[in-house]
Amino acid sequence: MVGLNQLLFVCLTYVVFLFGIAFLAERAAVQGRGAAILRSPLVYTLSLSIYCTAWTFYGAVGYAARSGLEYLTIYLGPSLVMIGWWWILRRLVSIGRSQRVTSIADLISSRYGKSNMLAIIVTLMAVIGVTPYIALQLQSVVLSLSIFATPETMGPDDTGAAFSATQAAFWVATGLALFTLLFGTRNLNVNERHHGIVIAVAVEAVVKLVALMAVGIFVVWGLAGGVAETFARIDASKIGAWEVQGSRWATLTVLSAAAFLCLPRMFQVMVVENDDERYLQIASWAFPTYLMLMSLFVVPIAVVGLDLLPAGSNPDLFVLSLPLSQNQNGLAMLSFLGGFSSATSMVIVATLALSTMVSNHIVMPIWLAAQPKGATQSGDVRHVVILARRMSVLFIIALGFLYYRASGGSGALAAIGTISFGGVAQFLPAMLGGLFWRGATRNGALCGLAIGFALWMFTMLLPSFGVDAVLSKDTFDKGLMGLAWLRPQAMFGIEGIDPTVHAVFWSLSLNLLAFTLVSIFTFPEPIERLQGAQFVNVLDHSGTSRVWNASVAGSEDLMIMTQRILGAADAQMFFAGEARRQGLEGHLPEPTPDFIQALERELAAAVGAATAHAMVSQIVGGTSVSVQDLLAVADESAQMLEYSSQLEQKSQQLSETAGQLRTANEKLTQLSLQKDAFLSQISHELRTPMTSIRSFSEILRDAGSLSPEDKTRYASIIHSETIRLTRLLDDLLDLAVLENGQVSLHLAQNPLQEVLERAVTTALAGSDGQLSVEIMSSDPPVTLNTDLDRLVQVFINLVRNAQKYCLSEHPALRITTHLVEGGLAIDFIDNGEGLSRDEQVVIFEKFYRAPGAQGDGAGLGLAICHEIMTRLGGRISYLAGHDGAAFRVFLPSDALAVVGETGGNLVST
Amino acid sequence: MPDGPVFLERRSYRMRRLMDAIRLLPFLGLVLWMVPLVWPLPETTPTGAIAMSTALKYIFGIWILLITLCWLLWRRTRINVGDKVAPKQGDPD
């Protein structure tokens, strides 16, 4: 008989051995030796075996004894996932390596735009989901110890050692915490593998496999008497027929596959501690082999246990009690060590994974937020991070211990395991959606997780405490708050489903539904889209996103911060390497976006993506996702679209330029034509008076006898022609001066009324006075402040035109003035025939004369008026729509001095 | 596929089909392991129930079959995939 003290001695020796192995592995890794063993596919595969916890070691037999082959589903799911490594695990491992992911919370938060909120939620869910599982491990160790402590197995020398379950659990928890602290929180960088822990886990994996197989072989060949006999015994036992419900079979297989991917500890060993993607391929057949061997002897042990052991003994402990009952003490000891290994390795890795999550996603953000000056202030952050991680380890193990105390160590092992699986499986939609679907958004993930987790709590976790423990009997029977469709075991009124299937089905499917729908109807932020593209396309290209606008980052600040997280030596090495890469040996590297990206990754490996992102952004000053960045990740069609729109834009620019050129060309042609026309006009205009002057002067010179009357007549013709010529030249000069803008204005003030009267008087002087002019005086009177001489010139011209061209029987000109928006309008309207539409267009052109015009004008009058008005800041235009010819002279408001006293108000200037 | 040649060298063609096999293997496993869904339960057909030993042999047989297939495929494809994976070893860190 093995005594408890003897057992404790062996157990402690084994623990010391594990500490030693872990210590040697750590030292070898530091010295760079033994890489062949430390980083081998065998160790990787064996470390995956933390999937097989005490739940497998003890619980599987109990499970089989209770419900037949259903226990196999827990191993079939992971086997399928491993065999299908090409689909999911390959992506996961690639992303884990390229994004320096530290945990599943980090992965999900990183995928959805480095959202800290998501990381916190996933971390909390993981802690809630895994704590019962840790308690379960403590329970199994204590339970197995208690077997040895039962009175009939106690030796005479053990009588003093009374066995206390709580004490045992406490010491086990303490030992596990110590181990995790020693080997799990030694280095900060999670991506630097925890060689000590991985080696210890691998050794424990061998121990538990050997132990279980040894018990199995003993049972089959030692107790049952061979394979054939064993089969016969199995068929004859009470679990001798296939009686697994189809729905449970399928659901549990899916659930275990999901949990295999989502359990924080599995993520830790599978993704974070992965050294080489090729190991995954080897594990794809090696790990299913391990699982197959682990479950191979479960049914024989259960059947033989049911046969040989007294009725009522706990089937969860058959692995231990069967050898003990046969007095196989050595085997029992080995079996105990196997169970002990299963429990401890799981607790160590699970605690490590959870503590990384808690410290990176909960403690560090709070600490950072509490720092008044942020990450740039002096001081070492490393000890804060390590301290946070150590406190988290203690916190999680304490939580597991408290749960164990609270639950009283009751309940079948398998039930707790399934519940825990159901909790972590809720990560699956967000995780897989993030890996495969670029449209998955942060809000979608949040909604899916929240709904899935709430349903899991309500349908699986809380009912597991029993009726009236947390949920009252009323809630079970009538639904939450009396709502019949909210019954924890019959959601939406659908009854009769197996509780586990019911919970898994509703929580996962509604989780998936919420995740998908919200993702479809929400819009992701730029950084989310960038990360999404990187995750989904991780296998296509290894390009990294450029998120930082680094111009404002100081290398010194970054250096100080990095030193505080990575330690001085590592930080300096990293910066020196980067400087060398940039060709700046011996200096600090330039803060290029690439460099900052690399730095963020490096920091992310230590404190998680969200925290690293927050710290870097404190120094760099926020992310800037430029259009180019988004373009770079946009899919091909978007790029094509952008390219074609650029082309379109360019061609539009080209056609605009061509249009401008065409217009310019037309203008030039027109100007050239105008110049030609002007030249021919002017030569014509000059020629006509010159011809008559020449011919009459020739007559005066050559004709001998001319009557004095004729002489006077001819001389006066010559005189009048020269006057006309002079006037023409004066006009031309005037026009040239005006057009060149060389004219200087002589501003003067005078009432409008006076100016108009002066103009009319001047215009009508010396004429036969047929034209009657009526000036409608403006109300209020207006005083002008402009070049009055020029203005009078315009008015005279207009009055004279009316005089010349108004062919009415009683020609009359009406001059009206009125204030309009922005200035003063003076209209000259006669009662003649007016101008045709064609004429209106050309009336202000030089040398234009109305057809059939009498008089001697050169056709420059209105052109000059037009130029003058332009100089004065106003304009002259033809007013269509009147009976006679109508011209409007417009003066801007700054050409007016004041509006007369009657109005009393100043015209705005 | 718009880019890439239509015809491949025999060796790379074979390699691609082997990769297809790796991809399909989990689905084969899933289908075979879900066969028990149609097995009769003792409470519905007391006489035709599947014996535990048969069920064990069937499920473990498939397990061994899948592991063997996976192992064979790994033997045939590891060099190829290893080459493809190898460049990624030069991680900048």
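Preceding this section is the structure that the text describes.
Let me sum up the structure you'll find in this document. Nothing here was measured: the structure is a model prediction, and the numbers come from that model.

Okay, helix H35 (residues 861–871) of chain A next. Residues and elements named next belong to chain A. Within H35, eight of the eleven residues are buried, which leaves the element mostly enclosed by the surrounding structure. Regarding H35, the residues found buried are Gly861, Leu862, Ala863, Ile864, Cys865, Glu867, Ile868 and Met869. Against helix H31 (708–739), helix H33 (788–805), strand E8 (875–878) and strand E9 (886–892) lie the buried residues of H35. Directly beyond the C-terminal end of H35, a positive phi value near 90° is found at Gly873.

So, on to the nonpolar core. Counting 201 residues, the largest nonpolar core has A:Leu69 and A:Tyr71 as the members making the most contacts within it. Element by element, the count of residues in this core is highest for helix H8 (residues 116–149) of chain A, at 17 residues. Apart from the residues lying within four places of it in its own chain, the contact partners of A:Leu69 are A:Trp242, A:Val244, A:Trp249, A:Val299, B:Met52, B:Ala55, B:Leu56 and B:Ile59. Within the second largest apolar cluster, 49 residues are counted, among which are A:Val743, A:Ala759, A:Ile796 and A:Leu835.

Turning to the sheet that holds strand E6 (residues 812–820) of chain A, a few remarks are in order. All names here are of chain A. An order of E4-E6-E7-E9-E8 is seen for the five strands of this open sheet, with the pairing classed as mixed. Unpaired on one side and paired on the other, strand E4 (772–776) and E8 mark the two borders of the sheet. Strand-to-strand, the axes of this sheet are offset by a mean angle of 20°, without reference to chain direction. Inspection of the sheet shows E6 paired to strand E7 (residues 823–830) by eight bridges, in the antiparallel sense. Note on E7: the bridge partner recorded for Leu819 is Leu824. Sheet contacts for helix H32 (residues 752–764): E4, E6 and E7; angle to E4, the most-contacted strand, approximately 175°.

For the rest of this paragraph, the subject is a nonpolar patch on the surface. A contiguous nonpolar patch, built from A:Phe436, A:Trp437, A:Leu513, A:Leu517, A:Ile520 and A:Phe521 and spanning about 630 Å² of accessible area, is present on the exposed surface. With respect to the secondary-structure elements, A:Phe436 resides in helix H20 (residues 427–436).

With that settled, the discussion passes to the packing of helix H16 (residues 318–325) of chain A against helix H17 (residues 329–370) of chain A. Residues and elements named next belong to chain A. It is at 8 Å that the axes of H16 and H17 come closest, and there the two elements cross at 165°. On the basis of the axis angle, H16 is roughly antiparallel to H17. The chirality of how H16 crosses H17 is left-handed. When H16 is examined against H17, the residues Val319, Leu320, Pro323 and Leu324 are found in contact with a partner set consisting of Asn329, Leu331, Ala332, Ser335 and Phe336.

Our next topic: unusual backbone geometry. Residue and element names in this part refer to chain A. Of note in the backbone geometry, Lys114 takes a positive phi value of approximately 50° without being a glycine. Relative to the helices and strands, Lys114 is located in the loop between helix H7 (104–111) and H8. One non-glycine residue, Asn327, lies in the positive phi region at around 60°. A relative accessible area of 55% means that Asn327 is categorised as exposed.

Contact with chain A, which involves 49 residues of that partner, is made by 43 residues of chain B. Sorting the residues of chain A by area buried against chain B places A:Ile83, A:Trp242 and A:Trp285 first, and these three jointly supply 19% of that buried surface. Our count for the chain A to chain B interface comes out at six residue pairs in polar contact (both at pLDDT 80 or more). Elements represented by at least two residues in the side of chain A that touches chain B include exactly helix H5 (73–83), helix H6 (89–98), helix H11 (227–236), helix H12 (246–262) and helix H14 (277–296) of chain A. If one sorts the elements of the side of chain A that touches chain B by residue count, H14(A) sits on top with twelve residues. Of the residues assigned to the side of chain A that touches chain B, the class counts are 27 nonpolar, twelve polar and ten charged.

Each regular strand displays side chains that alternate between the two surfaces of the sheet. All names here are of chain A. The element E9 is extensively covered by neighbouring structure, given that six of its seven residues are classed as buried. Bridge analysis of E8 against E9 gives four bridges, and the strand direction is antiparallel. The partner of Ile876 across the bridge, within E9, is Val889.

The next point concerns empty space enclosed by the protein. Picture a little ball the size of a water molecule; that probe, rolled over the atoms, points out where space is still empty. All names here are of chain A. Under the definition given, this model contains five cavities of 30 Å³ or more. Estimates place the volume of the largest cavity at around 100 Å³. Secondary-structure elements contributing two or more residues to the lining of the largest cavity are helix H3 (41–48) and helix H10 (195–224). Across the lining of the largest cavity, the residue classes break down as five nonpolar, three polar and four charged. There is about 70 Å³ of room inside the second largest cavity. Lining the second largest cavity are eleven residues, with Gln99, Lys114, Glu600, Arg601 and Ala604 sitting closest to its centre. Listing elements by their share of the lining of the second largest cavity, those giving two or more residues are helix H24 (526–536) and helix H27 (593–607). Counting residues per element, the lining of the second largest cavity draws most heavily on H27, which supplies four residues. Looking at side-chain class alone, the lining of the second largest cavity contains two nonpolar, six polar and three charged residues.

Residues and elements named next belong to chain A. For H32, spanning 13 residues, the distance from its first C-alpha to its last is 18 Å, which sits close to the expected 18 Å at 1.5 Å a residue. Listed as buried for H32 are Leu752, Val755, Leu756, Ala759, Val760 and Ala763. Taken around the axis of H32, the buried residues stretch over an arc of 130°, which confines them to a single face. Elements in contact with the buried residues of H32: strand E3 (747–751), E4, strand E5 (782–787), H33, E6 and E7. A positive phi of about 80° marks Gly766, the residue just after H32.

What follows concerns the pattern of salt bridges. All names here are of chain A. Within this structure, the stated rule accounts for 15 salt bridges over all chains. Glu578 serves as the salt-bridge partner of Arg581, at 2.4 Å between the closest nitrogen and oxygen. You can see Arg581 and its partner Glu578 sitting in helix H26 (residues 568–581), three residues apart, about one turn around the helix. Residue Asp827 is joined to Arg888 by a salt bridge in which the shortest nitrogen-to-oxygen separation is 2.7 Å. In this pair, Asp827 is assigned in strand E7 and Arg888 in strand E9, connecting sequence segments 61 residues apart. Asp827 sits in the buried class, given a relative accessible area of 4%. Given the relative accessible area of 24%, Arg888 is considered partly exposed. Linked through salt bridges whose partners overlap, the residues forming this network are Glu70, Arg248 and Asp498.

All names here are of chain A. In contact at an axis separation of 11 Å, H6 and H20 are set at 80° when each is read in the N-to-C sense. One finds that H6 runs roughly perpendicular with respect to H20. In this structure, H6 uses Arg91, Leu92 and Ile95 to contact H20, whose residues at the interface are Met431, Leu435 and Phe436. The residue inventory of the contact of H6 with H20, partitioned by class, reads five nonpolar, no polar and one charged.

Parameters at a glance
- Residues numbered from 1 in each chain as written.
- Chains lettered and ligands numbered in written order.
- Predicted model: local features only at pLDDT ≥ 70, side-chain atom pairs only at ≥ 80, totals over all residues.
- Heavy atoms only, no water.
- Buried < 20%, exposed > 50% of the residue type's maximum accessible area, 1.4 Å probe, protein only.
- Helix = DSSP H or I, 4+ residues; strand = E, 2+ residues; numbered from the N terminus.
- Contact = heavy atoms within 4.5 Å.
- Core = buried A, V, L, I, M, F, W, Y, C linked by side-chain atoms within 4.5 Å.
- Pairing = 2+ DSSP bridges.
- Axes fitted to C-alpha atoms, helices over the stretch in contact; angles between N-to-C directions.
- Patch = residues over 30% accessible without salt bridge, like charges linked within 9 Å, V, L, I, M, F, W, Y side chains within 5 Å.
- Areas by Shrake-Rupley, 256 points an atom, 1.4 Å probe, with all protein chains shown as cover.
- Salt bridge = Lys/Arg side-chain N within 4 Å of Asp/Glu carboxyl O.
- Parallel < 35°, antiparallel > 145°, perpendicular 65-115°, else oblique.
- Left-handed = near helix turned anticlockwise from the far one by under 90°.
- Buried area = accessible area lost by both parts, 1.4 Å probe.
- Polar contact = N/O pair within 3.5 Å; in protein donor to acceptor, adjacent residues only side chain to side chain.
- Nonpolar A, V, L, I, M, F, W, Y, C, P; charged D, E, K, R; others polar.
- 1 Å grid on protein atoms, 1.4 Å probe; cavity = no way out; pocket = protein on both sides within 12 Å on 5 of 7 lines; lining within 4 Å.
- Points joined across faces, edges and corners; volume = space filled by probe spheres on them.
- Expected span 1.5 Å × (residues − 1).
- Arc of directions from axis to C-beta.

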